Amino acid sequence: MTKAPHIDQKYIDALLNNDASLIEEIYQQWHKDVLNFVKKNNGNEQDADDLFQESLMAVVRRARKGDFVLSVPFGGYFYTVYRGKWLDRLRKSGRAQVIKEEVGRYSEESYTLALETIFGDDRLKLYQKHFEQLSENCRQLLHLTFEKLSRKEIMERLGYASENSVNQRIHRCRGSLQQLIKQDPTFETLRASYQH
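Parameters and conventions
- Numbering of residues starts from 1 in each chain and follows the order in which that chain's sequence is written.
- Since the coordinates come from a predicted model, pLDDT governs what is reported: local features require at least 70, and pairs of side-chain atoms require 80 or more to be given and counted, while whole-chain, interface and lining totals use all residues.
- Excluded from the side-chain calculation are hydrogens and water; included are all heavy atoms of the structure.
- Axes here mean lines fitted to C-alpha atoms, for a helix over just the part in contact, with angles spanning 0 to 180 degrees between N-to-C directions.
- A run of H or I in DSSP counts as a helix once it spans at least four residues, and a run of E counts as a strand once it spans at least two, with each numbered from the N terminus.
- Here the angle decides the label: under 35 degrees means roughly parallel, over 145 means roughly antiparallel, 65 to 115 means roughly perpendicular, and every other value means oblique.
- Only heavy atoms enter the contact rule, under which two residues are in contact if any of them lie within 4.5 Å.
- Under this grouping Gly is polar, as are all residues other than the nonpolar Ala, Val, Leu, Ile, Met, Phe, Trp, Tyr, Cys and Pro and the charged Asp, Glu, Lys and Arg.
- Nonpolar cores are built from buried Ala, Val, Leu, Ile, Met, Phe, Trp, Tyr and Cys residues. Side-chain atoms within 4.5 Å join them into one set.
- Relative accessibility under 20% of the residue-type maximum defines a buried residue, over 50% an exposed one, and the middle range a partly exposed one, all with a 1.4 Å probe and only protein chains included.
- Only a pair of cysteine sulfur atoms within 2.5 Å qualifies as a disulfide here.
- Helix span is expected to be 1.5 Å times the residue number reduced by one.
- Counted as a polar contact is a pair of N or O atoms within 3.5 Å, where, for protein atoms, one must be capable of donating a hydrogen and the other of accepting one, and residues adjacent in sequence contribute only when both atoms are in side chains.
- Per residue, pLDDT measures the predictor's confidence, with a range of 0 to 100.
- Note on aromatic contacts: the rings of Phe and Tyr and the six-membered ring of Trp form a pair at centre separations within 6.5 Å, being stacked when their planes are under 30 degrees apart, edge-to-face when over 60 apart, and tilted otherwise.

Q: Teacher, can you tell me more about the packing of helix α8 (residues 151–158) against helix α9 (residues 163–183) here?
A: Describing two packed helices takes the angle between their axes plus the distance from one axis to the other. Where α8 contacts α9, the axes come no closer than 9 Å and their chain directions differ by 90 degrees. Relative to α9, the element α8 is oriented roughly perpendicular. Packed against α8, whose contacting residues are Arg151, Lys152, Ile154 and Met155, the element α9 presents Glu163, Val166, Asn167 and Ile170 at the interface. By residue class, the composition of the contact of α8 with α9 is four nonpolar, one polar and three charged.

Shown next as structure tokens:
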């Protein structure tokens, strides 16, 4: 199922088309976030500048593959990309990896898109392979949460008795998905490169 592009797809297009004014807007909007994140997490201003450029280039490389649609806000997606790259860099350099999370900065879908951007298709394939093994009901339910429907809307659409039943079912579906992924032989290899 192809997602509709988010309004922030304009930033992806700007990077691909070298649109100077929108690229400047990306810098103005998110460079300070990268700087603050890196300074809070064992880095300095030069690290932040490098990370910003490296993360933008990762986004451009992924977008150039031609099948990329940004279906989430750019800020949450970009945060997840630079967070993952910074964790990887800290791990490789042996520096402490205590990441001070910015709660609410990314959705599950941002996380999935960012994994694909940072590490290519391996993680996404692992996620999708096991997502497809879930029951039809779980797949439907998780798709609706990715689309940001409220618990009340999900309850009405899928005929659940209460919002609480929806929450319990989502929790069980996510647990099943995590269990399937963790039991996959490729999980340990991939986990070492990005810790969530």
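Q: Would you take a moment to explain the nonpolar core for this structure?
A: Generally speaking, nonpolar side chains in soluble globular proteins are found buried as a group. In this structure, Ile12, Ile26, Val34, Phe74, Tyr77 and Phe78 are the most contacted members of the largest nonpolar core, which totals 29 residues. Those elements giving two or more residues to this core turn out to be α1 (9–17), α2 (20–40), α3 (45–63) and α4 (74–93). Among the elements that make up this core, the one with the highest residue count is α4 (eight residues). With 19 residues, the next largest nonpolar core counts Leu144, Phe146, Leu149 and Tyr160 among its residues.

Q: What am I meant to see in the state of the cysteines here?
A: By definition, a disulfide links the sulfur atoms of two cysteines through a covalent bond. Going through the model one piece at a time under the given rule, you end up with one disulfide. The disulfide partner of Cys138 is Cys173, and the S-S distance across this bridge is 2.0 Å. As the torsion about the S-S bond is roughly -80 degrees, the Cys138-Cys173 disulfide counts as left-handed. One end of the pair, Cys138, is in helix α7 (residues 136–146); the other, Cys173, is in helix α9, with 35 residues separating them in the sequence.

Q: How should α3 be read in this particular structure?
A: The periodicity of an α-helix, 3.6 residues per turn, causes residues three or four places apart in sequence to face the same way. Taking 1.5 Å of rise per residue, 19 residues should cover 27 Å, and α3 covers 27 Å from first to last C-alpha, within 8% of that figure. Among the residues of α3, Asp47, Ala48, Leu51, Phe52, Ser55, Leu56, Ala58, Val59, Val60, Arg62 and Ala63 are the ones counted as buried. Two to three positions downstream of the cap, the backbone nitrogen of Gln46 sits 3.0 Å from a side-chain oxygen, assigning the N-cap of α3 to Asn44.

Q: Which parts of the structure should I look at to understand the confidence of the model for the protein chain?
A: Residues shown with low pLDDT carry predicted positions that ought not to be read at fine detail. Of all residues in the protein chain, 78% have pLDDT values of 70 or greater, and the mean over the chain is 80. No element of the protein chain has a lower mean pLDDT than helix α5 (residues 108–119), which averages 60, and none a higher one than α2, which averages 93.

Q: Sorry, what's going on with the environment of Leu15 here?
A: Within the element layout of this structure, Leu15 appears in helix α1. Residues Leu15 and Leu56 lie 41 residues apart in sequence; the distance between their C-alpha atoms is 8.3 Å. Look past the residues within four positions of Leu15 in its chain and what remains in contact with it is Ile23, Ile26, Leu56, Val59 and Val60.

Q: Looking at this structure, I do not really get the packing of aromatic side chains. What am I missing?
A: The relative placement of two aromatic rings is captured by the distance of their centres and the angle of their planes. Enumeration over the complete set of coordinates arrives at 12 aromatic pairs. With 5.5 Å between their ring centres and 80 degrees between their planes, Tyr27 and Phe52 make a pair best called edge-to-face. Of this pair, Tyr27 sits in helix α2 while Phe52 sits in helix α3, and the two are 25 residues apart along the sequence. Taking the relative accessible area as the measure of exposure, Tyr27 reaches 36% and is therefore partly exposed. Arranged with centres 5.4 Å apart and planes meeting at 85 degrees, the rings of Tyr79 and Tyr82 form a pair that is edge-to-face. In this pair, Tyr79 and Tyr82 both sit in helix α4, three residues apart, roughly one turn of the helix. Like Tyr79, the residue Tyr82 is buried in the burial classification.

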